[in-house]
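# Architecture and fold: a report
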Protein chains: 2
Amino acid sequence: MSKQKKWEMSPEALNLVAERFKILAEPLRLRILQALEDGERSVTEITAVVESTQPNVSKHLKTLQDAGLLARRQEGNTVFYAIADESVFALCDVVCASLKARLATQSAIFKG
Amino acid sequence: MSKQKKWEMSPEALNLVAERFKILAEPLRLRILQALEDGERSVTEITAVVESTQPNVSKHLKTLQDAGLLARRQEGNTVFYAIADESVFALCDVVCASLKARLATQSAIFKG
DNA sequence: TGACAATATAACTACATAAGAATATAGTTG
DNA sequence: CAACTATATTCTTATGTAGTTATATTGTCA
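Residues numbered from 1 in each chain as written. Chains lettered and ligands numbered in written order. Predicted model: local features only at pLDDT ≥ 70, side-chain atom pairs only at ≥ 80, totals over all residues.

## Looking at the protein's contact with DNA strand C
Close to DNA strand C lie 21 residues; Ser42, Thr44, Pro55 and Thr78 of chain A together with Gly76 of chain B are nearest. For the surface near DNA strand C, the secondary structure elements donating two or more residues are helix H3 (43–50), helix H4 (54–66) and strand E3 (78–83) of chain A together with helix H4 (54–66) of chain B. Ranked by residue count, the leading element in the surface near DNA strand C is H4 of chain A, at six residues. For the surface near DNA strand C, a count of residues per class yields six nonpolar, twelve polar and three charged. (Near = placed C-beta within 6 Å. Helix = DSSP H or I, 4+ residues; strand = E, 2+ residues; numbered from the N terminus. Nonpolar A, V, L, I, M, F, W, Y, C, P; charged D, E, K, R; others polar.)

Written out as structure tokens, the structure is:
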């Protein structure tokens, strides 16, 4: 692992970064992103996949779209959402690897 | 950019990922991590750098430590905290790049 | 136009938590 | 032990927001 390069961010920049993390800090929103991994889907489809209510899903979809993570496309009566920023998957992968490493370390404690 | 590999995570795993994002979704916590980028620091030093109150900083330090992101070392009367999980910097870099790209796109709209 | 379907919005409730203030705990030094 | 310093904890207030329910909006088709 090479050292990350120096992190020179203003407090204002950190506020924006924190906002992005906040968007991703909701399990249902992560499930929505996961549901769209293979391509666009309608609101009804997403609602079924993530097993929530339609208004709740609509609200989260708006949040994700406002954050620039989703794109919206309307076709007649139905609205399709799609991933607009693939970096979310990279972020989740990094977190996942970190969590796995941590759990492995903790688990090793009990193996004596 | 190559496509991320398929994302097969259970809802429970996504809950854990969301929790990690939630830890990072606080500007002051990001500033604390930034303050520790170059090595360990005492609580007093951190409090001065991030310009907050000591109790508030202590609480956030505990949150970060509980999440496995910081390590704690006590020496006499003073306590030093240090980064325990370098992945946080990688995460911030990814978010930062994504935000920059988005702002560049938006800004281009006004350049005609 | 009227009935229907898909999506969005509004009002509300419940819960989580950040920040501040006061205090407690622990370690040091005289 | 007493005085002091560094850090942690407790309690409170204020704010944000996820989820629910009800309703509004928008589009289609008869």
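## Overview of the protein's contact with DNA strand D
Lining the immediate surroundings of DNA strand D are 21 residues, of which Pro55 and Gly76 of chain A together with Thr44, Pro55 and Thr78 of chain B lie closest. Breaking the surface near DNA strand D down by element, the ones donating at least two residues are H4 of chain A together with helix H3 (43–50), H4 and strand E3 (78–83) of chain B. Counting residues per element, the surface near DNA strand D draws most heavily on H4 of chain B, which supplies six residues. Partitioning the surface near DNA strand D into residue classes produces six nonpolar, twelve polar and three charged.

## Comments concerning the relation of the copies chain A and chain B
For these two chains of identical sequence, chain A goes onto chain B by a turn of 180 degrees and a shift of 0.0 Å along the axis, with RMSD 0.0 Å. Between the two chains, the operation in question is that of a two-fold axis. Among all residues of chain A, the one whose C-alpha sits closest to the rotation axis is phenylalanine 21 of chain A, at a distance of 2.7 Å. (Least-squares fit on C-alpha atoms with pLDDT ≥ 70 in both.)

## Points about the confidence of the model for chain A
Looking at chain A as a whole, its pLDDT mean stands at 93, while 95% of the residues score no less than 70. Interface confidence for the predicted complex, given as ipTM, is 0.93, next to a pTM of 0.93. (pLDDT = per-residue confidence, 0-100.)

## Some thoughts on the pairing of E3 of chain A
Residue and element names in this part refer to chain A. Relative to E3, strand E1 (residues 41–42) runs antiparallel, the two sharing two bridges. Following the sheet pairing, arginine 41 is matched in E3 by tyrosine 81. Sheet topology note: the strand E2 (residues 70–75)/E3 ladder contains six bridges and is antiparallel. Pairing of alanine 71 across the sheet is with alanine 82, part of E3. In sequence, E2 turns back onto E3 through a hairpin of two residues, with glycine 76 there showing a positive phi of about 60 degrees. (Pairing = 2+ DSSP bridges.)

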